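# Commentary on secondary and tertiary structure
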Amino acid sequence: MSCQIQLLQRLNIHLYFVLYFILLLVPEEDEEKTENFNSGQKLNQNFSKRCFNPQSNSGDKKPNLLCENNFNLEKNSFTKSDENASAICEPYSKSLQGHSKNFASPSDEINATSEGNHCKSTPNNSHKSNGLTQNQSCSKFVQSLSSQELDTNHQLVKITQILYTEAGYENNESKVISIIQHLYESLETNGLLGCKLSSKTKTQILRSLYKFVERSNEELLLEVAHVVLALCVTGSNLAGVCKLIFKVSRNDKNDHLFMKGNLLELFVNALGTAEPMEDAEACIYGYGAIKFLTMNSSLLKKLLNFGTLELMVLHMKVINKWRVDEGQISEQTSHALFQLTGALRNVAGEEEDPFPNAFVSSGVIKELCSTIQIFSCDLDIISNVSRTLSILSTHDICCSAIIEHENSLRTVIKLLKKYPGRQDIVVRLCYVLGNLMAKSDKARLEFYSEEEAFSCLINL
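Here's what I pulled together on the structure shown here. (Residues numbered from 1 in each chain as written. Predicted model: local features only at pLDDT ≥ 70, side-chain atom pairs only at ≥ 80, totals over all residues. Heavy atoms only, no water.)

## Describing helix H18 (residues 364–374)
Judged by how many residues are buried, H18 sits mostly within the fold: 8 of 11 residues are covered. Of the positions making up H18, those classed as buried are Val364, Ile365, Glu367, Leu368, Cys369, Ser370, Thr371 and Ile372. Against the buried residues of H18 lie helix H15 (308–326), helix H16 (331–347), helix H17 (357–361), helix H19 (379–392), helix H20 (396–404) and helix H21 (408–418). (Buried < 20%, exposed > 50% of the residue type's maximum accessible area, 1.4 Å probe, protein only. Helix = DSSP H or I, 4+ residues; strand = E, 2+ residues; numbered from the N terminus. Contact = heavy atoms within 4.5 Å.)

## A short note on the environment of Leu293
Positionally, Leu293 belongs in helix H13 (residues 280–293). Relative accessible area serves as the criterion here: at 0%, Leu293 is assigned to the buried category. Sequence spacing of Leu293 and Ser249 is 44 residues, and the spatial spacing of their C-alpha atoms is 6.3 Å. Ignoring anything within four residues of it in the chain, the contact list for Leu293 reads Ser249, Asp255, Phe258, Leu264, Leu299, Leu300 and Leu303.

## Considering H16
End to end, H16 covers 25 Å across 17 residues, agreeing with the expected 24 Å (1.5 Å per residue, within 8%). In terms of burial, H16 is largely enclosed, as 12 of its 17 residues are buried. What H16 keeps buried is the set Thr333, Ser334, Ala336, Leu337, Gln339, Leu340, Thr341, Gly342, Ala343, Leu344, Asn346 and Val347. Where H16 is buried, its residues contact H13, helix H14 (297–305), H15, H17, H18 and H19. (Expected span 1.5 Å × (residues − 1).)

## Quick notes on the packing of aromatic side chains
One pass over the full model with this rule turns up 4 aromatic pairs. Between the aromatic rings of Phe246 and Tyr285, the centroid separation amounts to 5.5 Å while the plane-to-plane angle is 75°, which identifies the pairing as edge-to-face. Pair noted here: Phe246 is in helix H11 (residues 235–249) and Tyr285 is in helix H13, with a separation of 39 residues, a long-range link. A relative accessible area of 9% means that Tyr285 is categorised as buried. Aromatic side chains Phe447 and Phe454 sit 5.6 Å apart centroid to centroid with 70° between the ring planes, which places their arrangement in the edge-to-face category. (Phe/Tyr/Trp six-rings, centres within 6.5 Å; stacked < 30°, edge-to-face > 60°.)

## Examining the packing of helix H10 (residues 218–230) against helix H12 (residues 263–272)
Contact pair H10 / H12: the axes reach a minimum separation of 9 Å and the direction vectors enclose 50°. As far as their axial angle goes, H12 and H10 are oblique. H12 is crossed by H10, and the crossing has left-handed handedness. In contact with Leu222, His226, Leu229 and Ala230 of H10, H12 contributes Leu263, Leu266, Phe267 and Ala270. Split by residue class, the contact of H10 with H12 holds 7 nonpolar, 1 polar and no charged. (Axes fitted to C-alpha atoms, helices over the stretch in contact; angles between N-to-C directions. Parallel < 35°, antiparallel > 145°, perpendicular 65-115°, else oblique. Left-handed = near helix turned anticlockwise from the far one by under 90°. Nonpolar A, V, L, I, M, F, W, Y, C, P; charged D, E, K, R; others polar.)

## So, unusual backbone geometry
Backbone geometry at Cys232 places phi at a positive 55°, although glycine is not the residue there. Residue placement: Cys232 occurs in the loop between H10 and H11. Taking relative accessible area as the criterion, Cys232 reaches 39% and is therefore assigned partly exposed. Of note, Glu452 is a non-glycine position whose phi angle comes to about 65°, a positive value. With respect to the secondary-structure elements, Glu452 resides in the loop between helix H23 (441–449) and helix H24 (453–459).

Here it is, written out as structure tokens:
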């Protein structure tokens, strides 16, 4: 009996060692895959913790306002909370269910524990965290996005969902900038810039970006504008992005932000798609921004290299022709022309080659002379044009172009008679006349032959 017991004990010991070695040979389950699998089941949870409700500024008429109507999207889509954010991505969420083992949900990545490699946002009191640590973790976060083996649509949806979530937090500008930059890079890498995106995907991207237009960080606003411009938006979306750029351009401390990348080129190209009669609001803020930016000599040269001068001439020609053919233009289009001529006054100060010859070859002087004839009753436009002509008249080639324009001297005399009390207009137009008389015999003879020319000058 004792032998049997000893035999059983030995068998148990042998079985124990066998089981132990078998367990050692079994590979451990990949912890990361397990985590991703579990997080994939929570795809649409933990979206924005609070609604984004831009304050209504309908009573304020200042030109730097940003309102919900700037983007051609439904108002309700910006005022609902978590449920609406999930509903927007519902068509794509269904297609992701079969791939839940491959990647973690965007909301889980943002709310990952400190053991993970992702950023972690803290609602409202995030300013208490260390900014350096947040920036370092954000770089890892963006790298993790790039490493996911997703198709293009899934990747874009994932980024937009993350932007929806980040809109519910404060003091996270550096993180949002990194995400938006990654969004642009994804669009560029996959050849989706321009008009190549489906309207549904473009709308979803615009909605996610729109949630940040009320932020005060200028760099963030320009990153938003960069993506929107790259999508070749039109209509009210174009007007909205022009307002963003106008808002940032008003402060000369932000000039260095416009020197980066291809933002200015995209901006000029987008403004070139605007039609002054139909897209007057976009032209107002677009040329208002150019007026501020051209005060910086470096930005002025960049803008001129992108064809800004030729674009101004084209829009002036369109407005002048419409006024002649139709008899009147809208108040907004008139204001757009005022901003355009104000920007042109800054451009006229450029004296390096190929200027001032470019002002003649591009047709600027011809359109300016036509403008003061057609819009002789608009004091603001006449004031801008007289300033520009007074600068250009210091160059011989420009003086010749002014004289060659039909009835240019007659128009100047009429304006002097019409506005004798407006010193800003009188002084500049007389300065133009003085330069013309000093440089051209033809101008002196034409002036002498004009009726009431001398009596007009004497009565001043």
